[in-house]
Amino acid sequence: MRADRLVSLVLLLRQRGRMTSDELARELEVSVRTVLRDIDALSTAGVPVYADRGRNGGFSLLPGFRTELTGLNIDEALALITAGSGRGERAFGLSSALTSALRKVVDALPEGHRLGVDNASRRFLVEPESDLLSRRLVTEELASGVMTEVRRSVLTGRRLTFNYAAPDKEPRWHTVDPLGLVTVRDRTYLLATRSGEDRTYRLSRMLTAEGLPEPADRPDKVDLDRIWAERTARFLSTDHISVLVRVHPTRREELLSTARAIRAEQVDGDGWVRLDATFEDVRHAVWAIWQLHTAADVLAPDSVREALRERAATIADRYADQ
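Sequence order as written defines residue numbering, which begins from 1 separately in each chain. At least 70 in pLDDT is required for a residue's local features to be given in this predicted model, at least 80 for side-chain atom pairs to be given and counted, and no such filter applies to totals for whole chains, interfaces and linings, which use all residues. Side-chain metrics in this entry use all non-hydrogen atoms of the structure; hydrogen atoms and water are not considered.

A.B. asks: Looking at this structure, I do not really get helix H3 (residues 32–44). What am I missing?
C.D. replies: Count 3.6 residues to each turn of an α-helix, and residues three or four apart come out pointing the same way. What counts as a helix is a DSSP run of H or I of at least four residues, what counts as a strand is a run of E of at least two, and both are numbered from the N terminus. One fewer than the residue count of a helix, multiplied by 1.5 Å, yields its expected span. Relative to the 18 Å expected for 13 residues at 1.5 Å per residue, H3 spans 19 Å between its end C-alpha atoms, a close match to the ideal helical length. The buried label goes to any residue with under 20% of its type's maximum accessible area, the exposed label to any with over 50%, and the partly exposed label to all in between, with areas taken from a 1.4 Å probe on protein chains only. Within H3 the residues assigned to the buried category are Thr-34, Val-35, Asp-38, Ile-39 and Leu-42. Taken down its axis, H3 places every buried residue within 140° of arc, on the same side. Structural note: H3 exposes Arg-33, Asp-40 and Thr-44 on the side pointing more than 90 degrees away from its buried face. Only heavy atoms matter for contacts: two residues are in contact if any of them lie within 4.5 Å across the pair. Elements that come into contact with the buried residues of H3 comprise helix H1 (2–16), helix H2 (21–28), strand E1 (49–52) and strand E2 (58–61). This arc describes the spread of directions from the helix axis toward the C-beta atoms.

A.B. asks: Is there a simple way to think about the packing of H1 against H3 in this case?
C.D. replies: A packed helix pair is summarised by two numbers, namely the angle formed by the two axes and the spacing between the axes. Interaxial angle, 0 to 180 degrees, is taken between N-to-C directions of lines fitted to C-alpha atoms, where a helix line uses only the stretch in contact. Contact geometry for H1 and H3: axes closest at 10 Å, N-to-C directions at 85°. What the angle tells us is that H1 and H3 run roughly perpendicular. When H1 is examined against H3, the residues Arg-2, Arg-5, Leu-6, Leu-9 and Val-10 are found in contact with a partner set consisting of Thr-34, Val-35, Arg-37, Asp-38, Ile-39, Ala-41 and Leu-42. Under the scheme applied here, ten amino acids are nonpolar (Ala, Val, Leu, Ile, Met, Phe, Trp, Tyr, Cys and Pro), four are charged (Asp, Glu, Lys and Arg), and all others, including Gly, are polar. Here the contact of H1 with H3 is composed, by residue class, of seven nonpolar, one polar and four charged. Note on angle classes: values under 35 degrees are labelled roughly parallel, values over 145 roughly antiparallel, values of 65 to 115 roughly perpendicular, and the remainder oblique.

A.B. asks: Teacher, can you tell me more about the pairing of strand E9 (residues 261–267) here?
C.D. replies: Remark: a regular strand shows side chains that alternate across the two faces of the sheet. A pair of strands is treated as paired once DSSP finds two or more bridges between them. In the sheet, E9 pairs with strand E10 (residues 273–279) via six bridges, with the strands oriented antiparallel. When the bridges of E10 are listed, Ala-261 appears paired with Thr-278. Following E9, the chain reverses through five residues before pairing antiparallel with E10; Gly-271 in that reversal takes a positive phi of roughly 95°.

Written out as structure tokens, the structure is:
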């Protein structure tokens, strides 16, 4: 880890010029004392780091010094930087590692391309915190240390134990054989087996987690795409309701954000979108579709149509005398 930090320190000074010890400490997420020790280590190793004293002082590299990382053209570097921007950088708790990697990507470019990539990357915004309707996107909160322990167990092939709070149930301890991690709409899931049975857990419901020393009972190779598709189909086939609904195209995304899943979609001749949407139950479907007012028309099943009719009639009666 220290070797990576030393490389990141050199790249920061290469790309930003003079920086104070406080600025370096914030960027590297370490203490000022650690930064000063790293500066001494670099100097001892022959890296030309110089300290400028005084009010506007800091640390800088000898002009012209650079690390040699080659092989990327400007489009490749821009693709990596764009992919690493936005909320995606927080996936699996790897934001610090991604920041460090992107510094190396930028430094790998020829001098003349660096400014072009920096300017171009400022023109792209990936997945902002809110959409055009000012609806803020909700990011799940994980208990401290959970992601680190789960990720380590997945990568090392060790068993994992955690205290899990399922909805409307008391927290319970589970010991599992982890297969992999999947992130969907800012929610992260652990795919695992327990006593040979398939299990899927949301990390935000883990109160604490701890990796165990014994190896996990799992195959050497895993197809997460296939496993996720199978578990999704199994999940949607039980205790859910399918609703056929026509939605005005301007409200399509709003329905997608509240439905559990979309099984099929087609555009009708008048431009409206016909969706086969899955909801938890009739109550969930009525709540979601009611938000769309007259921009949605439920075609089936009759139970949802009747529930919407009853709600509308109740409200109409309430305001009939006004």
